[in-house]
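Letter by letter, the chains look like this.
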Amino acid sequence: MDKITRSAEPAWLAEKWQEWGEDLQAKYAEAGKASGFIWHQYNNQGYKTLVEALSAMTVRHCSFCDAFPMGSSIPNTIEHFKPKSIYPLFAYKWDNLFLCCGICQRKGDKFDEMLLKPDSDSYSFDDYFDIHWDTGELIPNRDASHEAQASALLTIELYQLNKNGKPSDRKRELTHYQLMKNSDSSMSLNIDEFSFRFYLTRGVS
Ligand SMILES: [Zn+2]
């Protein structure tokens, strides 16, 4: 999970998120959470423009596992960091929204205040995580506080960062990246065109 620098809130969303969130909260209270959720349109802006803004922020990587390229081989989804079923008021709030792959999206309605938020000022990969190079697994940083290690563990579990073949996918991507790097020293590889940048930058020799 790479650190994300959040871009400025889109103006159309800034204008409407509160009203839409209140409407959703009222709807859930009246008709239940199964009554559905939709992405609204306003001034010709909507889901598509939102995905574009979020994609620009992560250079088309999943905000959590860093899979690439989102929007072509990996379908885009928008993750509500605070689940909309529990926090409907934040359902359209810019800093609650992240570009996300289908696997990380399986987190569903689970949430805990200790969960690590990739765009948080206090977040950096190395403060919380380490890598088990033999297996490709993410592990909590053993030098971090107990609290920080618990946050890292929770984040790994809820976003399933060590499941669904992710560790071996990381190892494979590093091998691929290393081979390309070695094959032509004059070639300027763009790491943004690879998955799992946090893994590659720390694992490449
Ligand atoms: Zn992901």
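Residues numbered from 1 in each chain as written. Predicted model: local features only at pLDDT ≥ 70, side-chain atom pairs only at ≥ 80, totals over all residues. Heavy atoms only, no water.

Regarding the domain arrangement of the protein chain
A common way to state how big an interface is: give the accessible area lost once the parts meet.
Part 1 of the argument: For the protein chain, the domain assignment lists domain 1 (11–107) and domain 2 (125–203).
Part 2 of the argument: Domain 1 puts 15 residues into the contact, and the matching count from domain 2 is 13 residues.
Part 3 of the argument: Between domain 1 and domain 2 the total buried area reaches about 1300 Å² when both faces are included, carbon and sulfur atoms providing 56% of it.
Part 4 of the argument: The residue Arg197 makes a salt bridge to Asp66 at a minimum N-O spacing of 2.8 Å.
Part 5 of the argument: Summed over the shared surface of domain 1 and domain 2, the result is nine residue pairs in polar contact (both at pLDDT 80 or more). (Domains from an automatic or database assignment. Contact = heavy atoms within 4.5 Å. Buried area = accessible area lost by both parts, 1.4 Å probe. Salt bridge = Lys/Arg side-chain N within 4 Å of Asp/Glu carboxyl O. Polar contact = N/O pair within 3.5 Å; in protein donor to acceptor, adjacent residues only side chain to side chain.)

What about the environment of Gln25?
Part 1 of the argument: Examined against the element boundaries, Gln25 turns out to sit in helix H1 (residues 11–31).
Part 2 of the argument: Assessed through its relative accessible area of 38%, Gln25 is described here as partly exposed.
Part 3 of the argument: In contact with Gln25, other than residues within four places in its own chain, are Pro88 and Leu89. (Helix = DSSP H or I, 4+ residues; strand = E, 2+ residues; numbered from the N terminus. Buried < 20%, exposed > 50% of the residue type's maximum accessible area, 1.4 Å probe, protein only.)

Focus: the pattern of salt bridges
Opposite charge on two side chains permits pairing when their charged atoms draw close.
Part 1 of the argument: This model, assessed by the stated rule, comprises eleven salt bridges.
Part 2 of the argument: For the salt bridge of Lys93 with Asp95, the shortest nitrogen-to-oxygen distance reads 3.2 Å.
Part 3 of the argument: One network of salt bridges, with partners in common, ties together Asp2, Asp66, Asp192 and Arg197.

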